[in-house]
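Summary of the model geometry
Chain by chain, the residues run as shown.
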Amino acid sequence: MYDPVQLRTFLTVAQTLSFTQAAGRLGVRQSTVSQHVRRLEAATGRPLFVRDTHSVELTEDGEALLGFARTILEAHERAAAFFTGTRLRGRLRFGASEDFVLTRLPEILEGFRHEHPEVDLELSVELSGTLHERLDAGRLDLVLAKRRGPGDERGRLVWRDRMVWIGAEGLRVDPERPVPLIVFPPPGITRARALEVLERDGRAWRIACTSGSLSGLIAAARAGLGVMAHTRGLIPPGLVRVGGLPELGPVEFALVRGSRASAPAEALASAVLSGADRLSRTA
């Protein structure tokens, strides 16, 4: 009933919220993406996306289909791997941004380890800026991290969202006083964005807390020490959006491979792309 090709297209659109970006990732024309979605909507008998000239959003039925689509595709890939008889071997140095500490990324990695037990997977969790530096230095093979900003199109787009200000419930930012910031240390991409938009808006600021650990930042935010810039789809429990501050703009997460191509890196990249909708949900 459900064509795996159409389901993969559906998941890619859901992850990028863009028919154009989905076409680029899949290597097909935009008209093909639209056709796949129409056929899947015909098969389900339900609209899966609400779209206009400016935006694409999942409907409730589209949200419901995400889990089914992922399960079907994972079963399809397991069967293909079993009957091709290919077994990957080697060492894979994978870096993941701190942003994904509380998401379901471990489930994706667990599935990869189950499918490829002879691959020695080494995981590094760092700031996105640090991961890019380590990748460029040849110390990592694959990273899942924020893109550095507008104009950075390296790697394969995994997920697009917006950044928002968050803090403890009931926290109010006094417009007459410097904004108390909870930030990662340099070269944190989120930190740089927060300072840039505040300075552009003419808002004074002060550093209330610095930590290289997302857990440390969350603890400071829950204690009401200040506000932090964070991805909208990854807001931790106990924290809420805070208004009265300038817009932080969009954020993109991408998979970037190092100069040394390898089959294990490509296999993990495929696994992350297939399960990208799980990355926008906290564990």
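Quick caveat, the model's predicted, so the values are computed rather than measured.

Here's the deal with the pairing of strand β7 (residues 179–183)
Within a regular strand, side chains alternate between the sheet's two faces. Counting buried positions along β7 gives five out of five residues, so the element sits mostly inside the fold. Of the two faces of β7, the one carrying Val179, Leu181 and Val183 and the one carrying Pro180 and Ile182 are both buried. Where β7 and strand β8 (residues 205–210) come together, five bridges link them in parallel fashion. Residue valine 183 lies in a different strand from β8, and its bridge partner there is threonine 210. The parallel pair β7 and β8, bridged by helix α7 (residues 189–201), forms a crossover whose chirality is right-handed.

Quick word on the packing of aromatic side chains
In total, this model carries four aromatic pairs according to the counting rule given. With centroids separated by 5.1 Å and ring planes inclined at 65°, the aromatic side chains of phenylalanine 100 and phenylalanine 253 adopt a geometry described as edge-to-face. Here phenylalanine 100 is found in the loop between β3 (90–97) and α5 (105–115), whereas its partner phenylalanine 253 is found in strand β11 (residues 250–257), with 153 residues between them in sequence. Since its relative accessible area comes to 0%, phenylalanine 253 is described here as buried. Pairing tryptophan 159 with phenylalanine 253 gives two aromatic rings, centres 5.2 Å apart and planes at 15°, and the pair type is stacked. Highlighted residues: tryptophan 159 in strand β6 (residues 156–168) and phenylalanine 253 in strand β11, separated in sequence by 94 residues.

Considerations on the nonpolar core
Core analysis: the biggest nonpolar cluster contains 42 residues, and Leu144, Trp165, Val227 and Leu255 have the highest contact counts within it. Listing elements by their share of this core, those giving two or more residues are β3, α5, β5 (142–146), β6, β7, α7, β11 and α9 (263–274). Of the residues forming this core, the biggest block, six residues, is contributed by α9. Among the nonpolar cores identified, the runner-up in size contains 19 residues, and Phe10, Ala14, Ala23 and Leu58 belong to it.

Notes on unusual backbone geometry
Note that the residue after proline 186, namely proline 187, is joined by a cis bond; omega there is 5°. Locating proline 187 in the fold gives a position in the loop between β7 and α7.

Focus on a nonpolar patch on the surface
On the surface, a cluster of nonpolar side chains totalling about 290 Å² of accessible area is made up of Val101, Leu102, Leu123 and Val125. By secondary structure assignment, the location of valine 125 is in strand β4 (residues 119–126).

Some details on helix α3 (residues 30–44)
Given 3.6 residues to a turn, an α-helix orients residues that are three or four positions apart in the same direction. Taking 1.5 Å per residue as the helical rise, α3 with its 15 residues ought to reach 21 Å, and the 21 Å between its terminal C-alpha atoms agrees with that figure. Val33, Ser34, His36, Val37, Leu40 and Glu41 are the residues of α3 that are buried. Take α3 and look down its axis: the buried residues cluster within an arc of 160°, on one side only. Glycine 45, located one to two residues past α3, shows a positive phi value of around 75°.

Examining the packing of helix α2 (residues 19–26) against α3
Axes are the key here: two packed helices are described by the angle between their axes and the distance separating the axes. One way to put it is that α2 packs onto α3 with a least axis distance of 8 Å and a crossing angle of 105°. As summarised for this structure, α2 and α3 are arranged roughly perpendicular, according to the angle between their axes. Of α3, the residues touching α2 (which contributes Phe19, Thr20, Ala22 and Ala23) are Gln30, Val33, Ser34 and Val37. Here the contact of α2 with α3 is composed, by residue class, of five nonpolar, three polar and no charged.

What to know about the side chain of aspartate 161
You can see aspartate 161 is positioned in strand β6. Among the polar contacts made by the side chain of aspartate 161, one reaches the side chain of arginine 232 at a distance of 3.0 Å. Here glycine 233 takes part through its backbone nitrogen, which lies 2.9 Å from a polar atom of the side chain of aspartate 161. Setting aside residues up to four positions removed in sequence, aspartate 161 forms contacts with Thr231, Arg232, Gly233, Pro250 and Val251.

The rules behind the values
- Residues numbered from 1 in each chain as written.
- Predicted model: local features only at pLDDT ≥ 70, side-chain atom pairs only at ≥ 80, totals over all residues.
- Heavy atoms only, no water.
- Buried < 20%, exposed > 50% of the residue type's maximum accessible area, 1.4 Å probe, protein only.
- Helix = DSSP H or I, 4+ residues; strand = E, 2+ residues; numbered from the N terminus.
- Pairing = 2+ DSSP bridges.
- Right-handed = clockwise from strand over helix to strand, strands pointing away.
- Phe/Tyr/Trp six-rings, centres within 6.5 Å; stacked < 30°, edge-to-face > 60°.
- Core = buried A, V, L, I, M, F, W, Y, C linked by side-chain atoms within 4.5 Å.
- Patch = residues over 30% accessible without salt bridge, like charges linked within 9 Å, V, L, I, M, F, W, Y side chains within 5 Å.
- Areas by Shrake-Rupley, 256 points an atom, 1.4 Å probe, with all protein chains shown as cover.
- Salt bridge = Lys/Arg side-chain N within 4 Å of Asp/Glu carboxyl O.
- Expected span 1.5 Å × (residues − 1).
- Arc of directions from axis to C-beta.
- Axes fitted to C-alpha atoms, helices over the stretch in contact; angles between N-to-C directions.
- Parallel < 35°, antiparallel > 145°, perpendicular 65-115°, else oblique.
- Contact = heavy atoms within 4.5 Å.
- Nonpolar A, V, L, I, M, F, W, Y, C, P; charged D, E, K, R; others polar.
- Polar contact = N/O pair within 3.5 Å; in protein donor to acceptor, adjacent residues only side chain to side chain.

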